[in-house]
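# Topology and contacts: notes
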Amino acid sequence: MLYHLLYPLHTYFSGFNVFRYITFRTAYAIITALILTLIIAPWMIRTLQRWQIGQRIREDGPKAHIKKSGTPTMGGVMLLIGIIVPTLLWADLTNLYIWLVIFSILSFGGIGFLDDYLKFIKKKSEGLSPRYKFGLQILAALIIAVILYHLPAYSTKLSVPFFKKITPDLGWFYIPFAIFVIVGASNAVNLTDGLDGLAIGPFIVAAFSYTIVTYIAGHLLFSEYLQLTYIAGAGELSVLCGAMIGAGLGFLWFNAYPASIFMGDIGSLPLGSALGTVAVISKHELLLLLVGGLFVIETLSVIFQVASFKLTKKRVFRMAPIHHHFELKGWDEPKIIVRFWIIAIVLALLSLSTLKLR
Ligand code: 57M
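To keep things clear, this report deals only with the structure shown in the data block. (Residues numbered from 1 in each chain as written. Predicted model: local features only at pLDDT ≥ 70, side-chain atom pairs only at ≥ 80, totals over all residues. Heavy atoms only, no water.)

### Some words on the packing of helix 3 (residues 76-90) against helix 4 (residues 96-121)
Worth spelling out the cut-off: Lines fitted to the C-alpha atoms define the axes, with helices restricted to the stretch that makes contact. Angles between their N-to-C directions range from 0 to 180 degrees. Numbering goes from the N terminus for both helices and strands, where a helix is a DSSP run of H or I of at least four residues and a strand is a run of E of at least two. Working rule for angles: under 35 degrees goes down as roughly parallel, over 145 as roughly antiparallel, 65 to 115 as roughly perpendicular, anything else as oblique. Crossings are assigned a handedness: left-handed for a near helix turned anticlockwise from the far helix by less than a right angle, right-handed for a clockwise turn. For this analysis, residues touch if any pair of their heavy atoms sits within 4.5 Å.
Where helix 3 meets helix 4, the axes come as close as 11 Å, and the angle between the chain directions of the two elements is 160°. Judged by the inter-axis angle, helix 3 sits roughly antiparallel to helix 4. Along this stretch, helix 3 crosses helix 4, giving a crossing that reads as left-handed. Residues Leu-80, Ile-83, Ile-84, Thr-87 and Leu-88 of helix 3 touch helix 4, and the partners they reach there are Ile-98, Trp-99, Ile-102, Ile-105, Leu-106 and Gly-109.

### Observations concerning the packing of aromatic side chains
Quick reminder of the rule: Classification of ring pairs uses Phe, Tyr and Trp, with its six-membered ring standing for Trp, and accepts pairs whose centres are within 6.5 Å; under 30 degrees between planes counts as stacked, over 60 as edge-to-face, and the remaining range as tilted. Buried means the residue's accessible area, taken with a 1.4 Å probe over protein chains only, is under 20% of the maximum for its type, while exposed means over 50%, and partly exposed covers the values in between. In this scheme, the term charge over a ring applies when either NZ of a lysine or CZ of an arginine sits within 6 Å of the ring centre and within 35 degrees of the ring normal.
Scanning all chains against the criterion turns up 15 aromatic pairs. Here Tyr-3 and Tyr-7 contribute two aromatic rings whose centre-to-centre distance is 5.8 Å and whose plane-to-plane angle is 5°, an arrangement assigned as stacked. You can call Tyr-3 buried: its relative accessible area is 18%. A relative accessible area of 18% means that Tyr-7 is categorised as buried. One aromatic cluster is present, built from ring pairs that chain together Phe-13, Phe-16, Phe-19, Phe-24, Tyr-28 and Trp-90. The cationic tip of Lys-313 hangs over the ring face of Phe-309; the distance from NZ or CZ to the ring centre is 5.5 Å.

### A word on the nonpolar core
Formally: Residues belong to one nonpolar core when they are buried, are Ala, Val, Leu, Ile, Met, Phe, Trp, Tyr or Cys, and are joined through side-chain atoms within 4.5 Å.
Ranked by size, the top nonpolar core spans 93 residues in total, and within it Tyr-97, Leu-148, Ile-200, Tyr-210 and Met-244 carry the most contacts. Apart from the residues lying within four places of it in its own chain, the contact partners of Leu-148 are Tyr-97, Leu-100, Tyr-154, Val-280 and Ile-281.

### Examining unusual backbone geometry
Peptide bonds are trans in most cases, and residues, glycine excluded, mostly fall at negative phi. Between Tyr-257 and the following residue, Pro-258, the backbone shows a cis peptide bond with an omega angle of -10°. Inspection of the secondary structure assignment puts Pro-258 in the loop between helix 9 (237-255) and helix 10 (265-281). Residues Ala-320 and Pro-321 are joined by a peptide bond in cis, for which omega reads -5°. When you line up the elements, Pro-321 lands in the loop between helix 12 (293-312) and helix 13 (322-328). Phi is positive for Met-74, which is not a glycine, with a value near 70°. Within the chain, Lys-283 stands out as a residue other than glycine whose phi angle is a positive 60°. In this fold, Lys-283 is placed in the loop between helix 10 and helix 11 (288-291).

Following this line, the structure appears as structure tokens:
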């Protein structure tokens, strides 16, 4: 909004010319999102406590979690506010990609809210049934994928990290592929959100990576120099990714061990779907496997655990997702969290290096 209000004034006052620059607006989106989330959080924690929306801890989980019972959850509301408000303030609101990611955040946030509402307010322990949860996620992702597919300027070619020359055109198959990326990313973040700060840390790292990726993808010279697919308008998503960094940092301030608040499905589902949607729009879907490598590791640990148990009645890990395995091995929670953050940072640096190494 500020872009539309203040940039036109640069003819009267040249200082407002700065609003033209995505880098300037991204920096202020980060700062605004951080400040906004830090302001909302204490009020949010008090309100959730007053409404007794506290986490119930499952009996079959690691015993160390019992003490977390009653921790306010559904704190993801502050993430949604902390991402969307600064984006509306600083982004070019005529950019369709911005609205597609906002739709992704609101739709997956709504699904997460439904699940949390049934679990914590209606006290239905299982929340939304997996069939409804996945069905609604697929529907939301389908809307995004179909809109993208029908954009005249949008390419259905797939870019492959490290291999510039390989760009298979998926054609209509791009629609189910995009759905898989968005729904997969959403549930991968959801699975990872099982220790204090464990999901939000790598999310901030991934949002930082995609701030750079979207800026380059939307820049004619930089994308040409790096031989990446140029996506006119994708650069605006840097502002939204900046808001995700700022809101993530603000939430981490309170979700850091020992957490004063959990994000709930209302937070984890849209964070993942936002990353997936940004990855699809910027045509760096496969890169997400590296940028969000920690989320992939957590998801694969569950897949291997369930498959192994079904096939051999034996478990691969002491408990899945893999962060519980290390808990049962006796690692302290903060140690697991920080070591997983280190892995996330290394994978993100590797992913950014692929932009040059091709
Ligand atoms: C999402 N939710 C956390 C919190 C957070 C198929 C199976 C792998 C599913 C998986 C599952 O239930 N996943 C749901 C993970 C839960 O966190 C809440 O959920 C929101 C995120 N969606 O915002 O509201 C618990 O995680 C802990 N937590 C923290 N700090 C945080 O900042 O400590 C969360 C955020 C919270 C709190 O204890 O209650 C979760 O773990 O459920 N199932 C599991 O992850 C279970 N694994 C399992 O059953 N493994 C089996 C098979 C199925 C693979 C096996 O290994 O054989 C574990 N989780 C729990 N108990 N809670 C183990 C059993």
